[in-house]
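# Notes for the structure review
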Amino acid sequence: MNTAGHPEATAHRGLELTPFRGLRYDPDRVGSLAAVTSPPYDVVVRPDGLLHLESADPHNIVRLILPQAATPQARNAQAAATLRRWRSEGVLAADPEPGLYVYEQRAPDGLLQRGLIGALRVTDPSDGVVLPHEDVMPHIVADRADLMRATSANLEPLLLTYRGADDTTALVEEAAERPPLLATTTEDGFHHRLWAVTAPDDLARVRAGLARHQALIADGHHRWATYRRLRAEHPSPGPWDHGLVLLVDTARYPLRVRAIHRLLHTVPVSDAVAALAGHARVRRLDTPLPEALDALAAAAGAGNAYLLAGDGAFHLVDRLDPGLLARTVRRDRPEAWRTLDATVLHAALLAHVWQVPEDSAAHVSYIHDTAATVDKAVRDGGAAVLMHPVREEVVRDLARQGVTMPRKSTSFGPKPASGLVLRALDL
C-alpha cells in the first residue's frame, strides 16, 4: 500500500478535471440506449426494480453496478467477467481519444441540467477542494471498493456541484449547440444528451476555469470515500488518483434537494408511536400521502418533524421534548447541525427512543422514493420514517465549516443516469 500521502493531491488547490477515453455502449449492439441505463446503484433498492432493469435489456448497466450472486466475492467476480465479456464483444467500446463529456438532462417538467463528466483528481477533505457534507457507512465503502477493484473501473459518475459562471460554463453551453454523441429518453421521461470535448484549447479552458473552484459532493459520498481508499492503496501517479464525476455549476443549473427516508425493519409503527409517549407530540393523519407530506412541510417550519407510516395511516411527529434533545444531541457542533432533522432523528429517536442501531442494514434501510418507502413498510410490517428536505444553502454552509451531516441526509438531483459513459482504468 502506498502511504506517502499523495503529495500531488495535497499540493493541488483547485478542481482538476482530466480527460479520459469514455467506455460507451455501441447502440447497434443493444436494444436501445435507454434500456441499458439505470439510476445510481443506491437508488435501485427494491428487488422488483432490480428485476425490471435486468429484464429491460440483457446488457443493462445494473448487471455491473449491482451484480447478483450468492456471495459478495461471487458478485464482484461476476461483474468483472461481465465487463470483460461486453468489452470483448464490442457491446462496450472505448472512444478513440480522451475527452471530457458535456452531459444534459431535461426533466419532464422542463427542468434542465448540464454539466461536465471527467476524471477528477482525488483529494482529502482537509485539502478543501472537494467538500463532503455527509458521513458514510464503512460497510458500503468496503462493498463499493471491492467492486471497483474487481472491475478496475468507475462504473457510474458521482454528482458534484460548484458555483462558477465562468468560461467552463460557457464551454458547456457552446458544446450543447452541436449535434450530440448520443441522445435518449429513459422511461422516467428524462431526455439525456452527451457531447465529447476533445480540442486542446477547450480542455485548457476547463483546466484554467476549474482551478479556482472547490466542489460540494451532492450525491456519491460513499463512492468518493471509495476513490480515496483506492487511491491510498495504489502507487501514485496512476489511474486511481482520479475518479469519475459529473460536475455541475449550480449558479447556472440549481439542483433539486429532496429527503432520503428511513425504513425501520424491526420496529412496527405501533411500537414506534408508543415509545414516543412523553418525548414528542404524535397526531394520526388519515389522509393520502400528498396531504400528509403537506402537513409535514407545515410542521417542519416550526421545528423537527417526521411522518411515521406503515400501518395504513400517517402519524405526524413534532414538538420533541427539549430535555430529550439536550440529553442526546451533541453540543460541540454548530446550531444549524444540532437542529437538523437527521441529527435529531439519529441521536434522539433512533439511538435513545427506539434503540435502533443505525449502522445495521438489518435494522435500517435508506430509501429515496417516498411512496416506495411507505409501500415497503406496509409489506414488511416495519415503520417508514419520512423526512423533510434540507435547504441547499444549509448543506453548503455546513460543508464549508468542515461539518458533516448525518449519513443519507439529502438527495440532490437530477442524478446522472448510469450507463451512458464509464471509465475503465486500463484505457
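For the structure itself, consult the block above.
This report concerns the structure included in the present document. The residue numbers shown here count from 1 along each chain, following its written sequence. Reporting of local features is limited, given that this is a predicted model, to residues whose pLDDT is at least 70; pairs of side-chain atoms are given and counted only at 80 or more, and all residues count toward the totals for whole chains, interfaces and linings. By convention in this description, side-chain values take in all heavy atoms of the structure and omit both hydrogens and water.

## Considering the overall build of the protein
The secondary structure listing takes helices from DSSP runs of H or I that are at least 4 residues long and strands from runs of E that are at least 2 residues long, numbered from the N terminus. When its secondary structure is counted, the protein shows 15 helices and 21 strands. The quantity called the radius of gyration is restricted to C-alpha atoms. Its globule counterpart is 2.2 Å times the number of residues to the power 0.38. Radius of gyration (C-alpha) of the protein: 22 Å, near the 22 Å computed for a compact globule of 427 residues. Seen through its principal axes, the protein has C-alpha atoms that stretch 65 × 45 × 45 Å. Think of it in three bands: residues with accessible area under 20% of the maximum for their type are buried, residues over 50% are exposed, and the middle band is partly exposed, with areas taken using a 1.4 Å probe on protein chains only. In the protein, buried positions account for 55% of the 427 residues. Expressed as a percentage of contacts within the protein between residues at least 6 apart in sequence, the contacts between residues at least 24 apart total 80%. For the protein, the accessible surface area stands at approximately 17,300 Å², while carbon and sulfur atoms represent 52% of it. Should any heavy atoms of two residues lie within 4.5 Å, those residues are considered in contact. For the accessible areas, the method is Shrake-Rupley and the probe is 1.4 Å, while residue cover comes only from the protein chains on display.

## Focus: helix H6 (residues 167-175)
Every buried residue belonging to H6 is among Thr168, Thr169, Leu171, Val172, Glu173 and Ala175, and all of these are buried. Looking at the packing, one finds that the buried side of H6 touches strand E4 (100-106), strand E5 (112-121), strand E8 (158-162), strand E10 (191-197), helix H7 (200-210) and strand E12 (242-249).

## Re the side chain of His59
When you line up the elements, His59 lands in the loop between helix H2 (47-56) and helix H3 (62-65). By relative accessible area, which is 16% here, His59 ends up buried.

## Examining the packing of aromatic side chains
What counts as a ring pair is set by centres within 6.5 Å for rings of Phe, Tyr and Trp (its six-membered ring), and what kind of pair is set by the plane angle: stacked under 30 degrees, edge-to-face over 60, tilted for all other angles. Going through the model one piece at a time under the given rule, you end up with three aromatic pairs. Between the aromatic rings of Phe20 and Tyr101, the centroid separation amounts to 5.4 Å while the plane-to-plane angle is 55 degrees, which identifies the pairing as tilted. Of the two residues, Phe20 is situated in the loop between strand E1 (17-18) and strand E2 (23-25) and Tyr101 in strand E4; the sequence distance between them amounts to 81 residues. By relative accessible area, which is 6% here, Phe20 ends up buried. Between Trp224 and Tyr227, the aromatic rings sit 6.0 Å apart at their centres with planes inclined by 70 degrees, giving edge-to-face as the arrangement. With Trp224 and Tyr227 both in helix H8 (residues 221-233) and three residues apart, this pair spans about one turn of that helix. The cationic tip of Arg144 hangs over the ring face of Tyr41; the distance from NZ or CZ to the ring centre is 3.9 Å. Of note, Arg333 hangs over the ring of Trp337, and the distance from its end group to the ring centre comes to 4.7 Å. As a reminder, the over-ring test applies to NZ of lysine and CZ of arginine, requiring each to be within 6 Å of the ring centre and within 35 degrees of the ring normal.

## Remarks on the sheet that holds strand E14 (residues 261-264)
Sheets are built from strands that pair by backbone hydrogen bonding, the pairs being arranged parallel or antiparallel. Read from one edge to the other, the open sheet built from six strands follows the order E15-E17-E16-E19-E14-E18, with strand pairing classed as antiparallel. Bordering the open sheet on either side are strand E15 (281-285) and strand E18 (364-367), each of which pairs with just one other strand. Each strand axis lies, on average, 25 degrees off the axis of its neighbour in the sheet, ignoring direction. When DSSP finds at least two bridges between two strands, those strands are taken to pair. In this structure, strand E16 (residues 306-309) lies alongside strand E17 (residues 314-318), joined through four bridges in antiparallel fashion. Among the inter-strand pairings, Leu308 is bridged to a residue of E17, identified as His315. Fitted lines through C-alpha atoms give the axes, limited to the stretch in contact for helices. The angle between two N-to-C directions lies from 0 to 180 degrees. Set on the sheet, helix H14 (residues 370-380) makes contact with E14, E16, E17, E18 and strand E19 (383-386); between it and E19 the angle comes to about 160 degrees.

By themselves, these figures tell us nothing about what the structure is for.
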